[in-house]
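Structural overview for review
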Amino acid sequence: MKKSSDSPIILLLSRVISPYIMLFGLYVIFHGHYSPGGGFQGGTMLAASILLIRIAMEEKVYEMQFKKSFDIPLGALGVLIFFGVGLIAMLLGGNFLDHHFLPIDWLAPADVRFMGILFVEVGVGLAVMTILVAIYDNLLEDDDA
Amino acid sequence: MLDFIAGHYDYWFIILLLIIGLYGMIMKKNLVKKLIGMTIFQASIILFYISGAIKADATVPILTDSISNADTANYINPLPHALMLTAIVVGVATVGVAFAILIQLYNRYKTLNEQELIERMK
Amino acid sequence: MKTINYLSLVAVGLLLIYASLGLPYRGDSDALVNQDTSLIGTPVASSYYIQNAYKDANTPNIVTAILCDYRGFDTLGEEVVIFTAGIVCFLLLNRERKIEKKQR
């Protein structure tokens, strides 16, 4: 069973910094069209903010932030979002992952592709975040308990 | 001659990095050190692709209004960047799986030395 | 045995350095990958992306447009790879624990 850190500085600082890292990760995902960034980088930063709490705190605290049993199902959800965007385009008459055919009629064709990229980025970010957290959880879970 | 060296020296440093990674994978006996060698090897390959994308006097591949994109010499080559972005994340996943296997090996045989591992597997 | 290993390392290094002599200069914008048309006259992929990314997808960041639109299938395969890695970690590290619990 993992104990929380003894140092009050670590406990306080990790608690303060973690939400800001998470906010910046979300910014990197959703602003990926205009600046360096995207699903992979933003997902890694979200994972970093969750892992910071996981390293510093005890199990009871970090279970409240992000449950251990959620990480594989949410990763599957991320992959499913990606597949779903491709599949919708295919069902509506285009090629697989051809964002032109997404059912957003009121936008210009270039903007439809823009929205398709955004959905794909969200799926990638979710999958990368949860899988990195899942790898950490499974590696650190000791069997001496 | 000096021009040639200035145009090629980054390849030589990347090759040095690749040889260091290969040295870790071949010569070290500890499996974790082999894994570290593999990551260094991977980093050298990624650096090689990124250095192939450079164009002199060009800017990053994010379009701005002030720089025209009709002349492709104004923006560096975006394709290697996109390819290496996936390679980095796959590298992280590979390292995770490798560590999982190493933990299982250590739990079962109580060693990570290659020679001892082969002895105990018999 | 050890000397053979060292010699093979040096040999690989020399071979790679010899190969690097034929590579284009660093930052050479006239190199083959950076031109607009290839040797057989077809458009080169990266030049097409630079010229058409904003027109096609309204996205100034060309790398994002390539990653999620032009080469979306590539990214899909990559995401499946990392998901598989997560599942493999989960299965590898939990199987042993269940066996130990049964034995106790």
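Just so we're clear, the structure is a prediction, and the values are computed from it rather than from any experiment.

What counts and what doesn't
- Residues numbered from 1 in each chain as written.
- Chains lettered and ligands numbered in written order.
- Predicted model: local features only at pLDDT ≥ 70, side-chain atom pairs only at ≥ 80, totals over all residues.
- Heavy atoms only, no water.
- Helix = DSSP H or I, 4+ residues; strand = E, 2+ residues; numbered from the N terminus.
- Polar contact = N/O pair within 3.5 Å; in protein donor to acceptor, adjacent residues only side chain to side chain.
- 1 Å grid on protein atoms, 1.4 Å probe; cavity = no way out; pocket = protein on both sides within 12 Å on 5 of 7 lines; lining within 4 Å.
- Points joined across faces, edges and corners; volume = space filled by probe spheres on them.
- Nonpolar A, V, L, I, M, F, W, Y, C, P; charged D, E, K, R; others polar.
- Contact = heavy atoms within 4.5 Å.
- Buried area = accessible area lost by both parts, 1.4 Å probe.
- Salt bridge = Lys/Arg side-chain N within 4 Å of Asp/Glu carboxyl O.
- Core = buried A, V, L, I, M, F, W, Y, C linked by side-chain atoms within 4.5 Å.
- Buried < 20%, exposed > 50% of the residue type's maximum accessible area, 1.4 Å probe, protein only.
- Phe/Tyr/Trp six-rings, centres within 6.5 Å; stacked < 30°, edge-to-face > 60°.
- pLDDT = per-residue confidence, 0-100.

As a further point, take the environment of N58 of chain C. Structurally, the position occupied by N58 of chain C is in the loop between α2 (45–57) and α3 (62–70). For N58 of chain C and D30 of chain C, which are 28 residues apart along the polypeptide, the C-alpha to C-alpha distance reads 28 Å. At 2.5 Å, the side chain of N58 of chain C forms a polar contact with the side chain of D111 of chain A.

Attention shifts here to the layout of surface pockets. Of the voids in this model, the second largest pocket is the one considered here, and its volume is about 430 Å³. In terms of lining residues, the second largest pocket is bounded by 23 residues, among which Y49, G52, N77 and P80 of chain B together with V33 of chain C are the most central. Among the elements of the structure, α2 (31–52) and α3 (78–109) of chain B together with α2 of chain C are those that each provide at least two residues to the lining of the second largest pocket. Ranked by the residues each element gives to the lining of the second largest pocket, the list is headed by α2 of chain B, at four residues. When its residues are assigned to classes, the lining of the second largest pocket shows 15 nonpolar, six polar and two charged.

On to the interface of chain B and chain A. The interface is formed by 10 residues belonging to chain B together with 10 residues belonging to chain A. Carbon and sulfur atoms make up 84% of the area that chain B and chain A hide from each other, which totals about 720 Å². The largest share of the area that chain B buries against chain A comes from I62, L85 and V89 of chain B, three residues that together contribute 50% of it. The tally of links between chain B and chain A comes to zero salt bridges. On inspection of chain B and its partner chain A, the count reaches zero residue pairs in polar contact (both at pLDDT 80 or more).

Looking now at the nonpolar core. Of all hydrophobic cores here, the largest spans 42 residues; its most connected members are F40 and V128 of chain A together with I62 of chain C. Where this core is concerned, the elements lending two or more residues are α2 (39–56), α4 (71–91) and α5 (109–140) of chain A, α3 of chain B together with α2, α3 and α4 (72–103) of chain C. Broken down by element, the residue count for this core peaks at nine residues, all from α5 of chain A. In contact with V128 of chain A, not counting residues within four places along its chain, are F40, G43 and T44 of chain A, V89 of chain B together with I82 of chain C. Within the second largest apolar cluster, nine residues are counted, among which are I135 of chain A, A100 of chain B together with F83 and L93 of chain C.

Turning our eyes to something else, we now look at the interface of chain B and chain C. Between chain B and chain C, the residue contacts involve 45 residues of the former and 45 residues of the latter. Summing the contributions of chain B and of chain C, the shared interface buries around 4,200 Å²; its carbon and sulfur component is 72%. Summed over the shared surface of chain B and chain C, the result is one salt bridge. The closest approach of N and O atoms between D10 of chain B and R26 of chain C, which form a salt bridge, is 3.5 Å. Scanning the region where chain B abuts chain C turns up 13 residue pairs in polar contact (both at pLDDT 80 or more). Every element with two or more residues in the side of chain B that touches chain C is listed here: α1 (2–27) and α3 of chain B. Top element by residues in the side of chain B that touches chain C is α3 of chain B. It accounts for 17 residues.

Below, the discussion takes up the packing of aromatic side chains. What characterises a pair of aromatic rings is the spacing of the ring centres plus the angle enclosed by the ring planes. Residues and elements named next belong to chain C. For the structure shown, the criterion picks out 12 aromatic pairs over all chains. Ring geometry for Y48 versus Y49: centroids 6.2 Å apart, planes at 70°, classification edge-to-face. Residue classification places Y48 among the partly exposed residues on the basis of a relative accessible area of 37%.

The share of residues in chain C with pLDDT of 70 or more is 92%, and the mean pLDDT across the chain is 87. No element of chain C has a lower mean pLDDT than α4 of chain C, which averages 84, and none a higher one than helix α1 (residues 2–20) of chain C, which averages 94.

What follows is about the pattern of salt bridges. Under the counting rule described, the total for this entry stands at seven salt bridges over all chains. Of the charged contacts in the structure, one is a salt bridge between D69 of chain C and R113 of chain A, with a shortest N-O distance of 2.7 Å. On the criterion of chain membership, the pair formed by D69 of chain C in helix α3 and R113 of chain A in helix α5 is interchain, its members lying in two chains. What makes D69 of chain C buried here is its relative accessible area of 8%. Between E116 of chain B and R120 of chain B there is a salt bridge, with its nearest N and O atoms 3.3 Å apart. Of the two residues, E116 of chain B and R120 of chain B are both situated in helix α4 (residues 114–121); the distance of four residues between them amounts to about one turn of the helix. E116 of chain B gets classed as partly exposed once you look at its relative accessible area, which sits at 36%. Under the relative-accessibility criterion, R120 of chain B is labelled partly exposed at 43%.

The subject of this paragraph is the side chain of R113 of chain A. The exposure class of R113 of chain A is buried, given its relative accessible area of 9%. Among the polar contacts made by the side chain of R113 of chain A, one reaches the side chain of D69 of chain C at a distance of 2.7 Å. Once you skip the residues sitting within four places of it in the chain, R113 of chain A turns out to touch H99 and H100 of chain A together with D56, A57, D69 and Y70 of chain C.

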